[in-house]
Amino acid sequence: MDEKTLVSKLSQVNTITDLQAVAKEYGKPLTVEQADRGLNRLFKAENDTGELMGDTVAKAAKDIFG
């Protein structure tokens, strides 16, 4: 999966299960704890403050998957 597709799919994630499904498809499965931290990271990037500070889902994806 390319980065553009990954970011698109991560933008639609709403639950830990959703994130785990995307991660599995990406080839980097996450534990529940990792997915929970990742989901919080995604939500942080998508809120108004995150956007104003230049945070993006692409940056969150790099934090989640390395």
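You'll find the structure just up there.
What you are looking at is a predicted structure, and each value in this text was computed from that prediction instead of being measured.

## Describing the side chain of Arg41
Checked against the element boundaries, Arg41 lands in helix 3 (residues 32-46). Ignoring sequence-local partners within four residues, the contact set of Arg41 consists of Asp55, Lys59, Ala60 and Asp63.

## Looking at the nonpolar core
In terms of nonpolar packing, the biggest core is built from 17 residues, with Leu6, Leu10, Val13, Leu19, Leu30, Leu42 and Phe65 touching the most fellow members. Broken down by secondary-structure element, the contributors of at least two residues to this core are helix 1 (3-10), helix 2 (16-26), helix 3 and helix 5 (57-65). The leading source of residues in this core is helix 5, at five residues.

Analysis parameters
Residue numbering note: each chain is counted from 1, following its sequence as written. This being a predicted model, a pLDDT of at least 70 is required before a residue's local features are given, and a value of 80 or more before pairs of side-chain atoms are given or counted; all residues contribute to the totals for chains, interfaces and linings. For side-chain calculations, the full set of non-hydrogen atoms in the structure is used, while hydrogens and water are omitted. For the purposes of this entry, the term helix denotes a DSSP run of H or I that reaches at least four residues, the term strand denotes a run of E that reaches at least two, and both are numbered from the N terminus. Between two residues, a contact is recorded if the distance between any of their heavy atoms is within 4.5 Å. The set of buried Ala, Val, Leu, Ile, Met, Phe, Trp, Tyr and Cys residues whose side-chain atoms join them within 4.5 Å is what this entry labels a nonpolar core. Partly exposed residues are those whose accessible area sits between 20% and 50% of the maximum for their type, while under 20% is buried and over 50% is exposed, using a 1.4 Å probe and protein chains only.

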